[in-house]
Amino acid sequence: ILRMQTMWLLAVALVGGAAADSGVGGVKFRNTAHRVMKLYWRSHAGVPDYAGRVHADGATTGFQTYAGHNFFWAEDNADPPVPTTAAGAKNIEFTISEDQRNYVFEDDTTLPAVKEALDTEMDWMKDYKERTGREWVGTTWPRPAPTYDMWQPKEVGQRIFVPLDEHPTAGQYHCDYTGNLSDCLADDGRHLKAELAYQAPLEGLTIEVVSVQPKAFRVVDFLSEFETDYIIQQASPKLGKSTVGHGEDARDSGTRTSKSAWLHRGHSEVLEAIYTRVGIITKVPAAAVMEENVESLNVLNYPEGAEYTPHYDWGADGKVSSRFISSLLYLNTPAAGGSTSFPKAIMPDGSIGTEIPAIKRSLAFFYDLLEDGNGDELSLHAGTPVLEGTKWVAPLWIWEPLKAKWTNKL
């Protein structure tokens, strides 16, 4: 079985002509050599830009990129990075095209078993495209269909009421104070003072369909005023530079210009209620948003001019478990800009692209996967530039199947 690795959230879209193009999604770069290789993108200035360290014997990295972008493979220890000159090397340098999703490096060290496994996978993907008309860009192949129930929107603008009156633990938190928010906090600075703060039950919330392709939604008034301010207050002292990539490939990038912090579900009763509320609205099992199975809340602060260029929240790592739903909690309303855009969304009038405005207290969510388990190429999204003021938003990602032992907690 070919081994894979992922680069979550990487968008190779730096500057210069890419902004108006939704790009080529679900591209995979495979190293079949019997040693680790590094992948580089030639930037618009012609300078090598590191795109990933890809392990041996069929390992893969994958991300959003653009037609016309040029890449090359270099040896792991090459300094400065230059295209490899290995014996028998094929596809050392290549240019991305609209109609190709897989780019494979091989040389004389590629093992026969790796070639055979690759051929089997390519045959399967060819058959999938003939059957569905879509490229297979999923985390692995073949991947079982998701087990969680999914909302099936009928049309843009459709409204779906979700009752919450039987879920008191999902109620919103409020606090009566006249000074500053810290007056509501207990001595530990995280939990609430019972004499000032209280949880109010909700009759229900209304989901509005923003897009059918991809399935994208928003919920106004999802958070209370106090909850938005509380999250910002708790995250502010922890903020650090946001990165792209994952694991050994995590790094700073011009594609993501924000600061971030993490708050886990067990941080306080406020986070417990919000996680519970997200789970009910998205119809996932309660276990999917429990402490041990869900990512921490990633609180992001975008200053004026900051953005996050088009990217996916899923990637090819060779495992069935994948991000299934991406949700975004909007903690303030920027003076201008800062919306979440979907540049590949197919709208009812035939136009391409839509967006969800960043409005304080609201929630947006969308599916990363299709019903058959494939990644949804239409789920490409971006945080558009903040034109005036600042933006606070907090993504929360839900996995299917469950993925335990999270380490991004503070």
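Right, let's walk through the structure included here. (Residues numbered from 1 in each chain as written. Predicted model: local features only at pLDDT ≥ 70, side-chain atom pairs only at ≥ 80, totals over all residues. Heavy atoms only, no water.)

**Quick notes on the pairing of strand β24 (residues 391-400)**
Among the ten residues of β24, ten are classified as buried, and the element is accordingly described as predominantly covered. Neither face of β24 is left uncovered, since the one carrying K391, V393, P395, W397 and W399 and the one carrying W392, A394, L396, I398 and E400 both have all their residues buried. Of the pairings in the sheet, the one linking strand β15 (residues 297-302) to β24 comprises three bridges and is antiparallel in character. In the strand pairing of β24, L300 is matched with V393. (Buried < 20%, exposed > 50% of the residue type's maximum accessible area, 1.4 Å probe, protein only. Helix = DSSP H or I, 4+ residues; strand = E, 2+ residues; numbered from the N terminus. Pairing = 2+ DSSP bridges.)

**Focus: the sheet that holds strand β2 (residues 37-42)**
Spatial ordering of the open sheet is given by β3-β2-β5-β6, a layout of four strands whose pairing is antiparallel. This sheet does not close on itself; its edge strands, each paired only once, are β3 (48-54) and β6 (93-95). Mean inter-strand twist for the sheet, computed between neighbouring axes without regard to direction, equals 25 degrees. With six bridges joining them, β2 and strand β5 (residues 70-75) adopt antiparallel strand pairing. (Axes fitted to C-alpha atoms, helices over the stretch in contact; angles between N-to-C directions.)

**Some thoughts on the packing of aromatic side chains**
Summed over the entire model, instances satisfying the criterion amount to 21 aromatic pairs. When the centroid spacing of 5.0 Å and the interplanar angle of 85 degrees are considered together, the rings of Y128 and W136 count as edge-to-face. Look at W136 and you get buried, because its relative accessible area is 3%. Taken together, the aromatic side chains of F29, F63, F71, F94 and Y103 make up a single cluster linked through ring pairs. Between R323 and the ring centre of W397, over which it is positioned, the NZ or CZ distance is 3.9 Å. (Phe/Tyr/Trp six-rings, centres within 6.5 Å; stacked < 30°, edge-to-face > 60°. Lys NZ or Arg CZ within 6 Å of the ring centre and 35° of its normal.)

**Observations concerning the pairing of β2**
Among the six residues that make up β2, five are buried, leaving the element largely enclosed by the rest of the structure. In the sheet, β2 pairs with β3 via six bridges, with the strands oriented antiparallel. Bridge pairing in β3 places K38 opposite R53. Hairpin connection from β2 to β3: five residues lie between these consecutive antiparallel strands, with G46 at a positive phi of about 85 degrees.

**Topic: helix α3 (residues 269-282)**
Its 14 residues give α3 an end-to-end C-alpha distance of 20 Å, which sits within 8% of 20 Å, the value for a rise of 1.5 Å per residue. With twelve of its 14 residues buried, α3 lies for the most part within the structure. Of all the positions in α3, only V270, L271, A273, I274, Y275, T276, R277, V278, G279, I280, I281 and T282 are classed as buried. Immediately beyond the C-terminal end of α3, within one or two residues, lies K283, with a positive phi of roughly 65 degrees. (Expected span 1.5 Å × (residues − 1).)

**With respect to the state of the cysteines**
According to the stated counting rule, one finds one disulfide in the structure shown. Note on cysteine connectivity: C175 is disulfide-linked to C184, with sulfurs 1.9 Å apart. The chirality of the disulfide connecting C175 with C184 is left-handed, given an S-S dihedral of about -100 degrees. You can call C175 buried: its relative accessible area is 12%. In this structure C184 comes out as buried when scored by relative accessible area, which is 0%. (Disulfide = S-S within 2.5 Å.)

**Let's talk about the side chain of D107**
Along the chain, the position of D107 falls in the loop between β7 (102-105) and α1 (112-132). Note on D107: relative accessible area 4%, which makes it buried. At 2.7 Å, the side chain of D107 forms a polar contact with the side chain of R35. What D107 contacts, discounting residues up to four positions off in sequence, is A33, R35, A86, A87, G88 and A89. (Polar contact = N/O pair within 3.5 Å; in protein donor to acceptor, adjacent residues only side chain to side chain. Contact = heavy atoms within 4.5 Å.)

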